[in-house]
Amino acid sequence: LHPANTLSLHDALPIYSEQAIHGSAMKIMAFLPTARATGLAAALFKRLNLGVEVWEIHSRKSQSQRNAAAETFKLATTGILFSSDVTCVPGGHF
């Protein structure tokens, strides 16, 4: 991300590139520095309608919401998970 937690098209291009190469057979995890940036990235990609599920995990979500998003992403065959540092824990297997 750029300073002040703003997203640009430059930030989105690697994900577009992965989708162009792999189509719907992709699973991406993107880590962002803050809960606000994570929520913004997830909202942006949900609005882009890429044809894949988008999840977000950050401190502004309840623990049950985080657990549900993590479990659903783990079981999914395709999708994008945006996360702040809350998922950077030992044993976090996706």
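This report concerns the structure included in the present document. (Residues numbered from 1 in each chain as written. Predicted model: local features only at pLDDT ≥ 70, side-chain atom pairs only at ≥ 80, totals over all residues. Heavy atoms only, no water.)

**Considerations on the nonpolar core**
If you look at the biggest cluster of nonpolar residues, it comprises 13 residues, and the most contacted ones within it are L32, F45, I80 and F82. Every element with two or more residues in this core is listed here: β1 (27–31), α2 (35–47) and β3 (79–83). When residues in this core are grouped by element, the largest group, four residues, is from α2. Judged by nonpolar contacts, the second largest core, of seven residues, contains W55, A69, F73 and A76. (Core = buried A, V, L, I, M, F, W, Y, C linked by side-chain atoms within 4.5 Å. Buried < 20%, exposed > 50% of the residue type's maximum accessible area, 1.4 Å probe, protein only. Helix = DSSP H or I, 4+ residues; strand = E, 2+ residues; numbered from the N terminus.)

**What to know about α2**
Taking 1.5 Å per residue, 13 residues should reach 18 Å; α2 reaches 18 Å between its end C-alpha atoms and fits that length. Residues of α2 that are buried: A35, A37, T38, G39, A41, A42 and F45. Backbone geometry just downstream of α2 places N49 in the positive-phi region, at approximately 50 degrees. (Expected span 1.5 Å × (residues − 1).)

**Comments concerning the sheet that holds β1**
Taken in spatial order, the three strands line up as β1-β3-β2 in an open sheet, and their pairing is parallel. Two strands in the sheet have a free side with no partner beyond their single neighbour: β1 and β2 (54–57). Within the sheet, the average angular offset between the axes of one strand and its neighbour, ignoring direction, is 15 degrees. Pairing geometry for β2 and β3, over four bridges, is parallel. When the sheet's bridge partners are listed, W55 is paired in β3 with L81. Where helix α3 (residues 63–75) meets the sheet, it contacts β1, β2 and β3, and its direction lies at approximately 140 degrees from that of β2. (Pairing = 2+ DSSP bridges. Axes fitted to C-alpha atoms, helices over the stretch in contact; angles between N-to-C directions. Contact = heavy atoms within 4.5 Å.)

**A word on α3**
The terminal C-alpha atoms of α3, which comprises 13 residues, lie 18 Å apart, in line with the 18 Å expected from a rise of 1.5 Å per residue. For α3, the set of buried residues is R66, A69, A70 and F73. The arc that holds every buried residue of α3, seen down its axis, measures 95 degrees, which confines them to one face. When the buried face of α3 is taken as reference, the exposed residues oriented beyond 90 degrees from it are S64 and L75. Here the buried face of α3 lies against β1, β2 and β3. (Arc of directions from axis to C-beta.)

**Structural notes on the pattern of salt bridges**
A side chain with one charge may pair with a side chain of the opposite charge, provided their charged atoms come close. Inspection of every chain in the model, using the stated rule, returns two salt bridges. The closest approach of N and O atoms between K74 and E71, which form a salt bridge, is 3.6 Å. Here E71 and K74 lie together in helix α3, a separation of three residues that amounts to about one turn. Its relative accessible area of 38% is what places E71 among the partly exposed residues. (Salt bridge = Lys/Arg side-chain N within 4 Å of Asp/Glu carboxyl O.)

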